[in-house]
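Inside the fold
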Amino acid sequence: MTTQLLLGGLVYSSPAVPDATAFAVTDGVVVWVGSDEVGRALHPDAEIVDLRGRFVSPAFVDSHVHLTDTGLALGGLDLSRTTSRTECLRELAAYVAAHPDEDVIWGMGWDSSAWVGAEQGDRLAPSTEDLDAVAGARPVYLARIDEHSAAASTALRERVDGLAGAQGYDAQAPLFAEAHHRVRAHARSLITPEGRRRAQLRALDHAAAHGVAAVHENGGPEISGIDDFRSIADLDHGVQVRRYWGQCVSSADEARTVVAETGAHAIGGDLFVDGAFGSHTALLTAPYSDRPGTRGVAYLTPEQIRAHLRATTEAGIQAGFHVIGDAAAAMVAEAVAELAEELGTPALARCVHRLEHAEMITPEQAALFARCGVVASMQPLFDAAWGGSDQLYAQRLGERAHTLNDFSGLAKAGVALAFSSDAPVCPIDPWATVQAAAHHHNPTSAISPRAAFAAATRGGWRAAGVNDGVTGTLVPGAPAHYAIWEISDLVVAASHEGVQRWSTDPRSRVPALPDVAPGVRLPQCVTTAVAGEVIYSRDTQ
């Protein structure tokens, strides 16, 4: 057995050792946590690693990503910083000129809801004519930031049979629903296997460089396609990947067959019940404020949801649903309530079923989901990007926007939370995620930094069905998944002043975390390790 003793740092462990400065790892497992002096005495033959005063935390888990798209955005045409249609098209033109040999121009991240500009039409989404004028006869696919709609050039549209008759088709406007799924699938088929592999590894490298030890890939027939999904299983990388396949099933036997044929760890994830607010496809009980004739899109019926949940529960397989709008949440809640009565809550809880996004959950639904052991995989950076009084949520929903992403309400009801980026929709940036959850635009929906940190670390393992009580922490017996950080200050911050006074009392023995107040410099990753093996080191980059 080989032992490493990491000392001279600030180790985030447990209330039993709130002032830990060192920990020991043997064969990939944390075996001891405490002070430098005791560590040296207990492990005289260990390999010494000097932490140089840095902060050590459990590594993060990003519970909802799309690896290929994330890698494409990191290495390709990222339109997330454009501020107008004119700028978007200018960026496209530059990319087209610089990449004359690419079979498809794949871009993503534009958000017309945030665009400004003096030119006529600068706040409008790019049209088919716009793309044709820039790219000519080259296929162009430009996904909106939520990836639930996309602008597509004529050269790409003409390659898709039956497109004009599909739901969500428009000759000039961005495509959504079935029309978008068809165009996306063809655009993805134009990416070479090697290009796809480079993108996936780029995304995993990026995750490791941000202190992430594991990610949950959310694939499916309408998202990535089976070739992309299967290829992720063949990657050789230190970041662990749990793979979710979003395909609806109707029987336990079918569920087992899908798992066997796809190699998925679970069936669900981004199994779309509805779409997204930005694309006007999230399913609502009342119309959109800025489009009164629209209530969104339902991709599944209540009968399909109920059958899928029953099938996976009977097969003992984790399931999940992409749920954003309140009407979509109501359909899933109804199915959960019926199956809890039919199969019993323990049967549901054993499977650790998931809700992806869960942005419009009522208190009654939260209590039901908590009782049935359902995990909410959520994205605090959504609120940071779109939650302000004049931002996208308010544009789309009016007063309803104030209630979205209620982390506090779900946590108080007992729903287990796991946090993620939904990359490339938002960046893989765990500390920014913690910051966003603790500083929600609606203070009553915020949670403490400590609770947010837990959701972004051990909450991710719980969402993957790992509930041994130690994984995602740095305590003896836990897998040595850790990250080392350069930080500014350590603080103890709570969700309200009364808890704050108790927490900062030394007698509370609450371990401190880096300051995540708005405007501060967030921690910078130095090292990431999985099972004791370093998978990222800033010093070797």
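Rules of the game
By convention here, each chain's residues receive numbers from 1 onward along its written sequence. Since the coordinates come from a predicted model, pLDDT governs what is reported: local features require at least 70, and pairs of side-chain atoms require 80 or more to be given and counted, while whole-chain, interface and lining totals use all residues. Values reported for side chains reflect all heavy atoms of the structure, with hydrogen atoms and water molecules removed beforehand. The domain boundaries here were taken from an automatic or database domain assignment. By the convention used here, residues are in contact when the closest approach between their heavy atoms is within 4.5 Å. Here the buried area means the combined drop in accessible surface, using a 1.4 Å probe, for two parts upon being joined, counting both sides. Basic side-chain nitrogens of Lys or Arg form a salt bridge, by our definition, when they fall within 4 Å of a carboxyl oxygen of Asp or Glu. A pair of strands is labelled paired if DSSP reports no fewer than 2 bridges between them. Numbered from the N terminus, helices here are DSSP runs of H or I no shorter than four residues, and strands are runs of E no shorter than two. Axes here refer to lines fitted to C-alpha atoms; in helices the fit is confined to the stretch in contact. Angles between the N-to-C directions go from 0 to 180 degrees. Throughout this description, any angle smaller than 35 degrees is read as roughly parallel, any larger than 145 degrees as roughly antiparallel, any in the 65 to 115 degree range as roughly perpendicular, and the remainder as oblique. Left-handed describes a crossing in which the near helix is turned anticlockwise from the far one by less than a right angle; the clockwise case is right-handed. Throughout this description, buried means an accessible area under 20% of the type-specific maximum (1.4 Å probe, protein chains only), exposed means over 50%, and partly exposed covers the range between. Arc, as used here, means the arc of the directions from the helix axis to the C-beta atoms. Note that a disulfide, as used here, is simply two cysteine sulfur atoms within 2.5 Å. Nine residue types can take part in a nonpolar core, namely buried Ala, Val, Leu, Ile, Met, Phe, Trp, Tyr and Cys, and a core is a set of them joined through side-chain atoms within 4.5 Å.

So, the domain arrangement of the chain
- As assigned here, the chain comprises domain 1 (3–59 + 472–487 + 523–537), domain 2 (67–190) and domain 3 (267–421 + 428–470).
- One C-alpha centre belongs to domain 2, the other to domain 3, and the line joining them spans 28 Å.
- On the domain 3 side, the residues contacting the twelve residues of domain 2 number 15 residues.
- For the pair domain 2 and domain 3, the summed buried area comes to about 990 Å², and 60% of that belongs to carbon and sulfur atoms.
- Counting the surface domain 2 buries against domain 3, the share from its top three residues, Ser-113, His-148 and His-181, is 46%.
- Connecting domain 2 to domain 3 are zero salt bridges.

Some thoughts on the sheet that holds strand 16 (residues 320–323)
- With parallel pairing, four strands are arranged side by side in an open sheet as 16-17-18-19. Both edges of this open sheet fall to strand 16 and strand 19 (416–419), since each of them pairs with a single strand only. Pairwise comparison of adjacent strand axes, ignoring direction, gives a mean angle of 25° for this sheet.
- Pairing between strand 16 and strand 17 (residues 354–357): four bridges, direction parallel. By the bridge assignment, His-322 is partnered in strand 17 with Glu-356.

With respect to the packing of helix 10 (residues 302–315) against helix 11 (residues 326–343)
- Put simply, helix 10 and helix 11 touch, their axes get as near as 9 Å, and they point 45° apart. One element, helix 10, and the other, helix 11, form an angle in the oblique class. For the pair helix 10 and helix 11, the sense of crossing is right-handed. Contacts from Pro-302, Ile-305, Arg-306, Leu-309, Arg-310, Thr-313 and Glu-314 in helix 10 reach Met-331, Val-332, Ala-335, Val-336, Glu-338, Leu-339, Glu-342 and Leu-343 in helix 11.

Some remarks on the sheet that holds strand 7 (residues 60–65)
- The four strands lie next to each other as 7-13-14-15, forming an open sheet whose pairing is parallel. Every other strand in the sheet has two partners, leaving strand 7 and strand 15 (266–267) as the edge strands with one partner each.
- Of the pairings in the sheet, the one linking strand 14 (residues 240–245) to strand 15 comprises two bridges and is parallel in character. Directly across from Tyr-244, in strand 15, lies its bridge partner Ala-266.
- Where helix 8 (residues 226–233) meets the sheet, it contacts strand 13 (212–219) and strand 14, and its direction lies at approximately 155° from that of strand 14.

Description of helix 4 (residues 128–135)
- Where helix 4 is concerned, the buried positions are Thr-128, Asp-130, Leu-131 and Ala-135. End-on view of helix 4: buried residues confined to an arc of 160°, all on one side of the axis. In helix 4, the exposed positions that point more than 90 degrees away from the buried face belong to Glu-129 and Ala-133.
- For helix 4, the elements touching its buried residues are helix 3 (85–98), strand 10 (140–144), strand 11 (149–152) and helix 5 (154–157).
- Looking one or two residues beyond helix 4, the residue adopting positive phi is Gly-136, at roughly 65°.

What to know about the state of the cysteines
- Counting across every chain of the model gives zero disulfides.
- Cys-351 forms no disulfide, and the closest cysteine sulfur to it belongs to Cys-372, at a distance of 11 Å.
- Here Cys-351 falls in the buried class, since its relative accessible area comes to 8%.
- No disulfide involves Cys-525; its sulfur sits 20 Å from the nearest other cysteine sulfur, which is in Cys-426.

Here we look at the environment of Leu-92
- Structurally, Leu-92 can be placed in helix 3.
- Between the C-alpha atoms of Leu-92 and Ala-135, which are 43 residues apart in sequence, the distance is 8.2 Å.
- Apart from the residues within four sequence positions on either side, Leu-92 is in contact with Leu-77, Ile-105, Leu-131, Val-134, Val-140 and Leu-142.

Topic: the nonpolar core
- In terms of nonpolar packing, the biggest core is built from 86 residues, with Phe-277, Phe-419 and Trp-431 touching the most fellow members.
- A per-element tally of this core places helix 11 first, with ten residues.
- Here this core spans two domains, and each of domain 1 (3–59 + 472–487 + 523–537) and domain 3 (267–421 + 428–470) adds at least three residues to it.
- Apart from the residues within four sequence positions on either side, Phe-419 is in contact with Val-61, Asp-62, Ser-63, Met-378, Pro-380, Phe-407, Thr-433, Ala-437, Ile-447, Ala-452, Ala-455 and Ala-456.
- Of all hydrophobic cores here, the second largest spans 20 residues; its members include Met-108, Ala-143, Ala-152 and Val-160.

Section: unusual backbone geometry
- Between Ala-423 and the following residue, Pro-424, the backbone shows a cis peptide bond with an omega angle of 15°.
- Among the structural elements, Pro-424 can be located in the loop between strand 19 and helix 17 (430–438).

Some words on the side chain of Thr-433
- Position of Thr-433 relative to the elements: it lies in helix 17.
- Once residues within four sequence positions are removed from consideration, Thr-433 is found in contact with Pro-380, Leu-381, Phe-419 and Ser-420.

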